[in-house]
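Architecture at a glance
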Amino acid sequence: MNPGEGEEPDDGALAARALAGHEDAYRLLMARHRVPVHRFVRAQVADADAALDIVQESFIAAFAHLGRYDRDRPFRHWLMRIALNKCRDHRRRQIVRGFFARARPLDEGLHVAGAEPGADAEIGGRQELRRARQAIDALPEKLRSVLLLRTVEGMSQAEVAALLGVSGKSVETRLYRARLKLSEMLGPTPTP
């Protein structure tokens with residue numbers, strides 16, 4: 001494509017221009033990929049604010065390491081891989097923070113309230129959505145990533161395989177297992 005003919009340059013050409021220091025190329029790459037990356041990260045991370053931070057971290061990391069981008073491969077896949085790694089990092093940090101947040105002196109354990117939901121617990125569709133979100137979050141990373149890339153991002157089996165560096169058959173198997181696990185976890189709707 002020739003940008004002078006009114007057509008937009010492809011991602012590879014933009015990456016080359018960005019490496020040469022053209023800020024407009026950075027802006028255009030970000031504008032092209034911001035929405036799908038945010039949608040993917042938002043599906044991975046329950047917290048909307050954290051998702052925005054992760055998207056920003058992903059673009060910063062991508063632009064900092066733009067020289068590593070292989071122009072023969074789709075830029076979107078490379079960027080999604082970075083975002084996926086940032087989501088994994090976020091999850092690990094959340095686990096550690098959660099552990100320390102729950103750590104209390106033993107003598108305080110006598111005064112802990114019951115685990116029953118409060119009177120303000122959500123009902124109906126919101127409760128089901130929360131159950132589904134928790135079930136997806138509980139899936140092992142390999143299954144969750146394939147499920148979200150295929151269903152939320154609408155990527156083909158071959159695209160997911162290329163992005164994750166696995167075979168197409170692995171993607172198919174992981175997707176099947178993810179759906180099976182979800183149906184087992186969600187099962188029938190609990191009665192109040």
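Definitions and cut-offs
Residues numbered from 1 in each chain as written. Predicted model: local features only at pLDDT ≥ 70, side-chain atom pairs only at ≥ 80, totals over all residues. Heavy atoms only, no water. Core = buried A, V, L, I, M, F, W, Y, C linked by side-chain atoms within 4.5 Å. Buried < 20%, exposed > 50% of the residue type's maximum accessible area, 1.4 Å probe, protein only. Helix = DSSP H or I, 4+ residues; strand = E, 2+ residues; numbered from the N terminus. Contact = heavy atoms within 4.5 Å. Salt bridge = Lys/Arg side-chain N within 4 Å of Asp/Glu carboxyl O. Phe/Tyr/Trp six-rings, centres within 6.5 Å; stacked < 30°, edge-to-face > 60°.

Our focus in this paragraph is the nonpolar core. Core analysis: the largest hydrophobic core is formed by 45 residues, its most contacted members being Val37, Phe40 and Val41. At the level of elements, helix H1 (11–19), helix H2 (23–44), helix H3 (48–64), helix H4 (75–102), helix H5 (124–138), helix H6 (141–151), helix H7 (157–164) and helix H8 (168–186) are the ones that each hand at least two residues to this core. Each residue touching Val37, except ones within four places of it in the same chain, is listed here: Val55, Phe59, Leu79, Met80 and Ala83.

With that out of the way, let us pick up the pattern of salt bridges. Within the structure shown, the criterion is met by 10 salt bridges. Here Asp11 makes a salt bridge to Arg32, at a shortest N to O gap of 2.7 Å. Taken together, the positions of Asp11 in helix H1 and Arg32 in helix H2 put the pair 21 residues apart, joining distant regions of the chain. With a relative accessible area of 16%, Asp11 lands in the buried category.

We now examine the packing of aromatic side chains. Tallied over the entire structure, the rule returns five aromatic pairs. Ring geometry for Tyr69 against Phe75: centres 5.1 Å apart, planes inclined by 85°, an arrangement best described as edge-to-face. With a relative accessible area of 8%, Tyr69 lands in the buried category. Phe75 gets classed as buried once you look at its relative accessible area, which sits at 1%. Taking the centre distance of 5.4 Å and the plane angle of 50° together, the rings of Tyr69 and Trp78 count as tilted. In this structure, Tyr69 and Trp78 share a single accessibility class: buried. Here the aromatic cluster, defined as three or more aromatic residues joined through ring pairs, consists of Tyr26, Phe59 and Phe63.

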